[in-house]
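# Observations on the three-dimensional arrangement
Okay, here's what each chain looks like letter by letter:
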Amino acid sequence: MVLNYIWIAFFVIAFLFGAIQLAMGDATIFQKIVDSTFSSSKTAFETSLGLTGVLALWLGIMKIGERAGAVNVLARMLSPVFTRLFPDIPRNHPVMGSIFMNIAANMLGLDNAATPTGLKAMAQMQELNPRKDTATNPMIMFLVLNTSGLTVIPTTILAFRASYGAAQPTDVFIPILLATTVATLAGVIVTALWQRINLLQPALLTLLVGLVAFVGIIIWGFGQMDKETMAKVTAVASNLILFGIIVLFILAGFRKKINVYDAFIEGAKEGFMTAVRIIPYLVAILVAVGVFRASGAMDMLIDGIKWCTESCGLNSDFVGALPTAFMKPMSGSGARGMMLEAMQNYGADSFVGRLSCIFQGSTDTTFYILAVYFGSVNIKFTRHAVGCGLLADFVGSIAAIVIGYIFFT
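From a predicted model like this one, the values you see are computed outputs, not experimental measurements.

### Things to note about the packing of aromatic side chains
- Using the criterion set out here, one finds seven aromatic pairs in the structure.
- With a centroid separation of 4.9 Å and 65° between ring planes, the pair formed by Trp7 and Phe11 is classed as edge-to-face. Of this pair, Trp7 and Phe11 both sit in helix α1 (residues 2–23), separated by four residues, roughly a single helical turn.
- Geometrically, the ring pair formed by Phe10 and Phe367 is edge-to-face, given 6.3 Å between the ring centres and 75° between the ring planes. Linking Phe10 in helix α1 with Phe367 in helix α17 (residues 366–376), this pair joins segments that are 357 residues apart in sequence.
- In this structure Phe367 comes out as buried when scored by relative accessible area, which is 5%.
- Taken together, the ring pairs in this structure connect Phe10, Phe292 and Phe367 into an aromatic cluster.

Put into structure tokens, the structure is as follows:
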């Protein structure tokens, strides 16, 4: 229901801003808005089309792992912690393994593996859902973990910084890791409080402390490397883990004497159907974002924040990077474009250029994730998912600004 109101608001605000600009003499504004609807719907279809092969591949691999029992092994290993974070999921349910695969892929920046495993987890949670059109507590907690965007290796951002001539492309690595950790912890805590989950349980407390410790070790380890070594380690580790999972599942299937080829085909068919099913949801959200941006509402919002900040006598250096922060919950490609635009206009080593990179890495595309994941299982009533996800985004953005000032001013 919340997503419904937000979707309507995008169009109403776009119309109002378009009308204002038309009255001010911009005769082409509604042409721009209408053009954005066509380009955004095309982008939505192309995005879904691009996901089809990846979904077919990874849901096929996941089906092999499921038949071979590898996913069940992961579920049993994680059961002591995940049954407390997802108390409505039965102990040792296979979805625990899928959730772990998705979170691990996100942390390693393996987007190609994260989305299919996430959709698999949603499908498994939907099987446990007594009200098929309403999001369950485990679904919402899982979505918030995704939207908070905990990524240990922001490979793409570092590569873009290098291509734009940054003197030290990896100088945003630690700030991104800190900001995304804060966003994830905020998302988990807010959602847990809403769902009345006791975070002081020893298993959950150990998980949260372990997460912070793990990130601390990663920060320390990468801090000892130069940029060339860091780039090589991240590339090798990510690809080795990704291909290692594929080989491990296939060998596990061979050991269990299952027909791995037939299992893969069965899972791949599910991937194809999932890709088709999410097209309407992608069109809906991307078109709304497109008209909002084309109407000039985004630019006016940024200008308003800058004016308010300067009127209060505060430093407004961060305002130039805000378009990336505002676009990130709505569109990953849009936020990436804002980040690249900031580095091009201000310089990759400027405060705005660096902060835009931290914004890009601190959270994930909340509305896109909600549209794709909930759309894949036909969830209409998202309950508190939007609120918790956006709150995690907000905390992550505030953390990014504070960390940016600490590291780069």
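### Digging into unusual backbone geometry
- A positive phi angle is found at Asn378, which is not glycine, with a value near 60°.
- Here the phi dihedral of Arg383 falls at roughly 55°; this positive angle occurs in a residue that is not glycine.
- Among the secondary structure elements, Arg383 is positioned in the loop between α17 and α18 (385–408).

### Observations regarding the packing of helix α8 (residues 173–194) against α18
- Interaxial distance between α8 and α18 falls to 8 Å at its minimum, and their mutual angle equals 150°. Compared by their axis directions, α8 and α18 come out roughly antiparallel. Seen from above, α8 lies across α18 with right-handed handedness. In this structure, α8 contributes Ile174, Pro175, Leu178, Ala179, Val182, Ala183, Ala186, Gly187, Val190, Thr191 and Trp194 to the contact, and α18 contributes Cys388, Leu391, Ala392, Val395, Gly396, Ala399, Ala400, Ile403, Phe407 and Phe408.
- Looking at side-chain class alone, the contact of α8 with α18 contains 18 nonpolar, three polar and no charged residues.

The rules behind these values
Residues numbered from 1 in each chain as written. Predicted model: local features only at pLDDT ≥ 70, side-chain atom pairs only at ≥ 80, totals over all residues. Heavy atoms only, no water. Phe/Tyr/Trp six-rings, centres within 6.5 Å; stacked < 30°, edge-to-face > 60°. Helix = DSSP H or I, 4+ residues; strand = E, 2+ residues; numbered from the N terminus. Buried < 20%, exposed > 50% of the residue type's maximum accessible area, 1.4 Å probe, protein only. Axes fitted to C-alpha atoms, helices over the stretch in contact; angles between N-to-C directions. Parallel < 35°, antiparallel > 145°, perpendicular 65-115°, else oblique. Left-handed = near helix turned anticlockwise from the far one by under 90°. Contact = heavy atoms within 4.5 Å. Nonpolar A, V, L, I, M, F, W, Y, C, P; charged D, E, K, R; others polar.

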